[in-house]
Amino acid sequence: MTTTEAQLPETASINYADEIETVIAGMAEEGKVMFGQGEAGYLWKFKYGTVEVLVQLTGQTDEDTFRVWSPVLPLPAKNEPELMRLLLQMNWEQTFEARYAIVDQEVIVVASRTVADLSPVEISRSITIVATLADDSDESLAEEFGMGN
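Attention in this report is confined to the structure presented alongside it. (Residues numbered from 1 in each chain as written. Predicted model: local features only at pLDDT ≥ 70, side-chain atom pairs only at ≥ 80, totals over all residues. Heavy atoms only, no water.)

1. What about the overall build of the protein chain?
The cut-off we apply is this: The secondary structure listing takes helices from DSSP runs of H or I that are at least 4 residues long and strands from runs of E that are at least 2 residues long, numbered from the N terminus. With a 1.4 Å probe rolled over the protein chains alone, any residue whose accessible area is under 20% of its type maximum counts as buried; one over 50% counts as exposed, and the rest are partly exposed. The contact definition used throughout considers only heavy atoms, calling two residues in contact when any of these lie within 4.5 Å. Counted charges follow a simple rule, with Lys and Arg positive, Asp and Glu negative, and His plus the chain ends left uncounted. Working definition for charges: the position is that of NZ of Lys, CZ of Arg, CG of Asp or CD of Glu.
Each helix and strand in the protein chain was counted, giving four helices and six strands. Start at the N end of the protein chain and walk to the C end: the helices and strands fall as α-α-β-β-β-β-α-β-β-α. With the C-alpha coordinates aligned to their principal axes, the bounding extent of the protein chain is approximately 65 × 30 × 25 Å. Classification of the 149 residues of the protein chain by burial places 36% in the buried group. Sequence separation of 24 or more characterises 59% of the internal contacts of the protein chain that already satisfy a separation of 6 or more. The centroid of the 9 positive side-chain charges in the protein chain is displaced by 6 Å from the centroid of its 26 negative side-chain charges.

Here it is, written out as structure tokens:
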């Protein structure tokens, strides 16, 4: 064993909540962040550009979930078959680790994974990708497919 290996702990413990808060602090408009903690874990909500971004951490164990999402278009929408086709194409072409999905009558951008082996870089990347994709697409989707809700 080298000296460097002897100095490093076998398992470096990451405080995921602290990492999430650090990323959000750098992205939230005017530093405004809503935070809640309950049975479902931790939940943050902040404004980025024209969208709201939500971040959930169900806990700190390997089996827990880290999820980031942002609503971009309420449903129903005009020409939904064309919208669905466009969303599937965008999922392939431009969403990286995120994807478009539908939940509670809204089109959202979402990234989700278990906490196992989650790194600070992945936390930052997921939050950034979801926030950026949502902010870049919400107005154009609303203009083309929105029903004025």
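Picking up after the structure, the text goes on.
2. Here we look at the sheet that holds strand β6 (residues 106-114)
The criterion, for reference: Strands pair, by our definition, only if DSSP identifies at least two bridges between them. A fitted line through C-alpha atoms represents every axis, and for helices the fit uses only the stretch in contact; the resulting angles, taken between N-to-C directions, go from 0 to 180 degrees.
Strand order in the open sheet formed by six strands is β1-β2-β3-β4-β6-β5, with antiparallel pairing between adjacent strands. A strand with exactly one partner marks an edge of an open sheet, and here the two such strands are β1 (33-38) and β5 (99-103). Ignoring which end each strand starts from, the neighbouring axes of this sheet average 25° apart. As paired elements, strand β2 (residues 41-48) and strand β3 (residues 51-57) share seven bridges and run antiparallel to each other. Each residue of the ladder has a partner; that of W44, found in β3, is V55. In the packing of helix α2 (residues 16-27) onto the sheet, the strands contacted are β1, β2, β3 and β4 (65-74), and the crossing angle to β2 comes to about 10°. In the packing of helix α3 (residues 80-93) onto the sheet, contacts are made with β4, β5 and β6, and the angle to β5 comes to roughly 140°.

3. Remarks on α3
Operational definition: Expected span of a helix: the number of residues minus one, times 1.5 Å. Of all possible arcs, the one meant is that of the directions from the helix axis to the C-beta atoms.
For α3, spanning 14 residues, the distance from its first C-alpha to its last is 20 Å, which sits close to the expected 20 Å at 1.5 Å a residue. Within α3, the full set of buried residues consists of L83, L87 and M90. Viewed end-on, α3 has its buried residues packed into an arc of 65°, placing them on one side of the element. Residues of α3 that are exposed and point over 90 degrees away from its buried face: P81, R85, L88, W92 and E93. At its buried positions, α3 is contacted by β4, β5, β6 and α4 (120-145).

4. Comments concerning the nonpolar core
Selection criterion: We call a set of buried residues a nonpolar core when its members are Ala, Val, Leu, Ile, Met, Phe, Trp, Tyr or Cys and they connect through side-chain atoms within 4.5 Å of each other.
One finds I20, V55, L57, F66, L83, I127 and L141 to be the most contacted residues of the largest nonpolar core, which totals 39 residues. Among the secondary structure elements, those contributing two or more residues to this core are α2, β2, β3, β4, α3, β6 and α4. Element by element, the count of residues in this core is highest for α4, at nine residues. For L57, the residues in contact, after removing those within four places along its chain, are Y16, A17, I20, A40, G41, Y42, W44, T65, F66 and V115.

5. Some words on the packing of aromatic side chains
Applicable threshold: Stacked, tilted and edge-to-face are the three classes applied to pairs of Phe, Tyr and Trp rings, where Trp contributes its six-membered ring and a pair requires centres within 6.5 Å; stacked means planes under 30 degrees apart, edge-to-face means over 60, and tilted covers the rest.
All told, the structure shown has three aromatic pairs when counted by the stated rule. Ring-pair connections join several aromatic residues into one group, and the members of that group are F35, Y42 and W44.

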